[in-house]
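# Close look at the chain arrangement
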Amino acid sequence: MVVQLPIAKLGSLFIKTLAKPMAKRVKHTFKQSQLTQNILISVGQTSHVITTRMTIWSAGYKVRSIQALDNEKALSQGADFIGEAFIFGVGGGIVIWEYNKSKEKENKKEALAKQEEARKEAIVVNLVEKTTALEVNQQRLLQALERIQMDDKPIVKRRSAWFL
């Protein structure tokens, strides 16, 4: 029995492993530019507001006001969020790719099953046609035999006397 290595699974695991250092690189790169810093601060503030609201609501209290984070903390939290979103995106992409791959495999298997069923059905139709043709030929032969038997009169030969 030949053992197949799950190359696709190993490849996707390798990509997931590479996603973490890439996420750190993305975070570092985003922190360099002033434009992306403003975006990260905005994302960090929004993330802070949402998580704080959910924490307060889960404790059973009402939210009155949430203080904004200072820019360094918001920048750090925004960068962390972007890094996690990158990792999540890579993981989600791999899951979607694996799903599509298994769906293609399943569709291919169904197509082969349909082809096999069509082939078997064609064989059955062919056998039914041959059986019908044989039955027709059998009926013709039986009718011909009946005609021969009706037309055939027994011929009685007289034997010569000297044989008796």
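Refer to the structure presented above.
Presented here is an overview of the structure given in this document. Predicted model, so just to flag it, every value in this text is computed and none were measured.

### Re the nonpolar core
With 8 residues, the main nonpolar core is built from V26, L40, I41, L69, A74, L75, A79 and I82. The set of elements that each furnish at least two residues to this core consists of α2 (34-58) and α3 (71-151). Counting residues per element, this core draws most heavily on α3, at 4 residues. If we skip the residues at most four places from it in the chain, V26 touches I82 and F86.

### Regarding the side chain of Q45
On the secondary structure map, Q45 appears in helix α2. Dropping the residues within four chain positions of it, Q45 is found in contact with A68, L69, D70 and A74.

### Remarks on α2
Here α2 is 25 residues long and its end C-alpha atoms lie 36 Å apart, about the 36 Å a rise of 1.5 Å per residue gives. All buried positions along α2 are accounted for by T36, L40, I41, G44, Q45, S47, H48 and T52. Those residues of α2 that are buried are in contact with α1 (7-32) and α3. Among the residues of α2, the N-terminal cap falls to S33, whose side-chain oxygen and the backbone nitrogen of L35 are separated by 3.4 Å.

### Some points on the pattern of salt bridges
In this structure the tally under the stated criterion is 4 salt bridges. The partner of R119 in a salt bridge is E116, and the shortest N-O contact between them spans 2.5 Å. Of the two residues, R119 and E116 are both situated in helix α3; the distance of 3 residues between them amounts to about one turn of the helix.

### Observations concerning the environment of V49
Turning to its location among the elements, V49 is positioned in helix α2. Among the residues examined, V49 registers a relative accessible area of 29% and is labelled partly exposed. For V49 and S65, which are 16 residues apart along the polypeptide, the C-alpha to C-alpha distance reads 9.5 Å.

### Topic: a nonpolar patch on the surface
Where nonpolar side chains cluster on the molecular surface, the patch consists of F14, I15, L18 and M22 and spans about 390 Å² of accessible area. Structurally, M22 can be placed in helix α1.

### So, the packing of α1 against α2
In contact at an axis separation of 5 Å, α1 and α2 are set at 110° when each is read in the N-to-C sense. Taken together, the axis directions place α1 and α2 in an arrangement best described as roughly perpendicular. On α2, the residues that touch T29, F30, K31 and Q32 of α1 are Q34, T36, Q37 and L40. Looking at the contact of α1 with α2 residue by residue, the class counts come to 2 nonpolar, 5 polar and 1 charged.

Conventions adopted
Residues numbered from 1 in each chain as written. Predicted model: local features only at pLDDT ≥ 70, side-chain atom pairs only at ≥ 80, totals over all residues. Heavy atoms only, no water. Core = buried A, V, L, I, M, F, W, Y, C linked by side-chain atoms within 4.5 Å. Buried < 20%, exposed > 50% of the residue type's maximum accessible area, 1.4 Å probe, protein only. Helix = DSSP H or I, 4+ residues; strand = E, 2+ residues; numbered from the N terminus. Contact = heavy atoms within 4.5 Å. Expected span 1.5 Å × (residues − 1). Polar contact = N/O pair within 3.5 Å; in protein donor to acceptor, adjacent residues only side chain to side chain. Salt bridge = Lys/Arg side-chain N within 4 Å of Asp/Glu carboxyl O. Patch = residues over 30% accessible without salt bridge, like charges linked within 9 Å, V, L, I, M, F, W, Y side chains within 5 Å. Areas by Shrake-Rupley, 256 points an atom, 1.4 Å probe, with all protein chains shown as cover. Axes fitted to C-alpha atoms, helices over the stretch in contact; angles between N-to-C directions. Parallel < 35°, antiparallel > 145°, perpendicular 65-115°, else oblique. Nonpolar A, V, L, I, M, F, W, Y, C, P; charged D, E, K, R; others polar.

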